[in-house]
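# Observations on the model geometry
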Amino acid sequence: MARRALITGITGQDGSYLAEHLLEQGYEVWGLARGQANPRVSRMRRLLADVRVVRGDLLDQGSLISAVERVQPDEVYNLGAISFVPMSWEQAELTAEVTGMGVLRMLEAIRVCSGVSRGGGAVSSGQIRFYQASSSEMFGQVSETPQTESTSFHPRSPYGVAKAYGHFLTQNYRESYGMYAVSGILFNHESPRRGAEFVTRKVSLGVARIKLGLATELRLGNLEARRDWGFAGDYVKAMHLMLQSGNPEDYVIGTGRMKSVRELVEAAFSAAGLDWEQYVVTDQTLHRPAEVDLLCADPKKARMQLGWEPGVSFDELVAMMVDSDLRLLANGPDPDEDSWP
């Protein structure tokens, strides 16, 4: 019988790539969605016709219990979140409820449906395995570079704080109940399916618009912020590997190489044969209230224990995104309407 996976956040970038990967591995894949009329569900169905959808909401404990009872998953991947960091200042309470408390509700749903009680002990072979999407934003004002699984957290946004809560809660349920519950501390991972509000996609769309004569400038905030950027399609493979390990452990996932927003911009414009300095305008209003200046992963543990390595380089990723958006805009769809390549 095929293994069964339940994915929250199925309609997002990571959810779609993870669903594709699991389907390729022979899984029966279910996606949690708040409503069948959700346009993002329709988009997901066009891309992933074999994914089944179950109704549920990270804000509603009862709906999550019902979803787990219906699906009877072997693995649960909790990718659902309010994930755009700047929005977390504007909607801090909602971010806390979905990105933080949503983890608690899903862990409780698994615990209740599995009949697990306190006491910890060894992980049983038949229990539901849980993956929590933690974030490098938890490191925030970093105490060391690169960041490892033992680096202390100092989040600099409501999003980072909520992710830290979910991360520690996942550890707590593992230790308190003996649940197979792990967190992947993923550094920035991008793709042509990234939302248009994120800086990488904002850049690739901006370059495409300028190249096609649809715009004359690209306005950006802090060009000096440095991040560890990789390809989302590589990172979902690490998520899957974490749940196949004999022991439930947390892992840092990234490339181990930093690039600035300025270098991202240079690479994107270069991929389109343009000089970025002729088009980019720095806008102070786009800076974060509390900036995270640099994030860089040390993925040694994942490499040694999981055998995971990123396959797509930074330059390949940027060129992929620019090429995709050039084709997308040339064909007419509006990416603000959540179009996917």
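Below: a short report on this structure. (Residues numbered from 1 in each chain as written. Predicted model: local features only at pLDDT ≥ 70, side-chain atom pairs only at ≥ 80, totals over all residues. Heavy atoms only, no water.)

Quick look at the overall build of the protein now. Secondary structure assignment for the protein yields eleven helices and 13 strands. Pairs at least 24 apart in sequence give 78% of the contacts found in the protein among residues at least 6 apart. For the protein, the exposed surface amounts to about 14,500 Å²; the carbon and sulfur share of it is 46%. (Helix = DSSP H or I, 4+ residues; strand = E, 2+ residues; numbered from the N terminus. Contact = heavy atoms within 4.5 Å. Areas by Shrake-Rupley, 256 points an atom, 1.4 Å probe, with all protein chains shown as cover.)

If you walk across this open sheet you meet the seven strands as 3-2-1-4-5-6-11, and the pairing is parallel. The sheet is open, and its two edges are formed by strand 3 (52-55) and strand 11 (251-253), each paired on a single side. Pairs of neighbouring strands in the sheet enclose a mean axial angle of 25°, with direction left out of account. Of the pairings in the sheet, the one linking strand 1 (residues 4-8) to strand 4 (residues 75-78) comprises four bridges and is parallel in character. Note that in strand 4 the partner of L6 across the bridge is V76. This element, helix 1 (residues 13-24), spans strand 1, strand 2 (28-33) and strand 4 of the sheet and lies at about 175° to strand 1. In the packing of helix 6 (residues 158-177) onto the sheet, the strands contacted are strand 5 (129-135) and strand 6 (180-186), and the crossing angle to strand 5 comes to about 150°. (Pairing = 2+ DSSP bridges. Axes fitted to C-alpha atoms, helices over the stretch in contact; angles between N-to-C directions.)

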